[in-house]
Amino acid sequence: MKVVVGNEQEISRLIAEEFIKQVNAKPNSVLGLATGTSPLGVYANLVKANKEGRVTFKDVATFNLDEYIGLEGTHDQSYRYFMNVNLFDHIDIDKSRTHVLKGVGDYEAYAAQYDDEIASFGGIDLQILGIGSDGHIAFNEPGTSFDSLTHVAELAESTIVDNSRLFNNISEVPTKAVTMGLKSIMNARKIVLIATGKNKAKAIASLLKGVKTIDNPSTVLIDHPDCTIYVDEDAYSLVK
Ligand code: GLP
């Protein structure tokens, strides 16, 4: 793993440049995308670059990491909605090539074939990840098998509390999600993780210690051949 430390603006710009480089080198790239507040700066940079004509997404395909169970794609806290309003609606992407797990209806059946669907597109070229304060990536909470593929997951209590800031009330936060597994994520050819803020410091310190443990799901990344961790000073503050 490589580590890059910089302020939020800098690391967001650097990650966006990685995406632009990837898509310009391979216009039909398969991108793995994440939600949460962490990637917002990256997406804003991609929108800008697309409008400036520095990159086109017209032949790109995307796969998102996860979705809450129980939320329709039109719900303002669903991850499909998040992707539309923060990225897809503002770039020249073909929306039929954007994939987000379903949170309603036959969500289990869709999840069961998601890894095969990703493989049918040739696999993910570049995956962006955020990280939860408990070290979760996508919705793979502590205790998740490193061999997991896309599956239904229970959210940890700390994740429900963390994510409740985006809902009117904590009781509205779904308790389950569908998520790519840790193995699904590791299948990506290149991975970038972005973490900012003090509440990520413990998880980042444990990750950068370099010891794999299912108590911190992000430590699966230690074995990835091409993974870069982008952090701000706060997220890096407990690394010795
Ligand atoms: C959610 C998502 C994760 C994300 C995490 C951190 O739980 N499922 O993919 O990494 O939140 O979110 P934030 O970036 O808002 O701190």
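Look above for the structure.
Treat the numbers as computed from the prediction; the structure is a model and nothing was measured.

(A) Main features of the site of the ligand. Residues in contact with the ligand amount to 14 residues; listed here are only the nearest, Thr-37, Ser-38, Asp-66, His-136 and Lys-200. A distance of 2.8 Å is found between a nitrogen atom of the ligand and a side-chain nitrogen or oxygen belonging to Asp-66. Asn-163 is positioned such that a nitrogen or oxygen atom in its side chain is 3.3 Å from an oxygen atom of the ligand. Residues belonging to the shell around the ligand are distributed by class as follows: four nonpolar, seven polar and three charged.

(B) Highlighting helix H2 (residues 40-51). For H2, spanning 12 residues, the distance from its first C-alpha to its last is 17 Å, which sits close to the expected 16 Å at 1.5 Å a residue. Looking only at H2, the buried set comprises Val-42, Tyr-43, Leu-46, Val-47, Ala-49 and Asn-50. Down the axis of H2, the smallest arc covering the buried residues is 165 degrees, so these residues share one side. In H2, the exposed residues that point more than 90 degrees away from the buried face are Lys-48 and Lys-51. Among the structural elements, helix H1 (8-25), strand S2 (30-33), helix H3 (79-86), strand S6 (126-129) and strand S9 (190-195) are those in contact with the buried residues of H2. Downstream of H2 by a residue or two, Gly-53 has a phi angle that is positive, lying close to 80 degrees.

(C) Just unusual backbone geometry, in detail. In this structure, Ala-138 takes a positive phi of about 50 degrees despite not being glycine. With respect to the secondary-structure elements, Ala-138 resides in the loop between S6 and strand S7 (151-154).

About the criteria used
Residues numbered from 1 in each chain as written. Predicted model: local features only at pLDDT ≥ 70, side-chain atom pairs only at ≥ 80, totals over all residues. Heavy atoms only, no water. Near = heavy atom within 4 Å. Polar contact = N/O pair within 3.5 Å; in protein donor to acceptor, adjacent residues only side chain to side chain. Nonpolar A, V, L, I, M, F, W, Y, C, P; charged D, E, K, R; others polar. Helix = DSSP H or I, 4+ residues; strand = E, 2+ residues; numbered from the N terminus. Expected span 1.5 Å × (residues − 1). Buried < 20%, exposed > 50% of the residue type's maximum accessible area, 1.4 Å probe, protein only. Arc of directions from axis to C-beta. Contact = heavy atoms within 4.5 Å.

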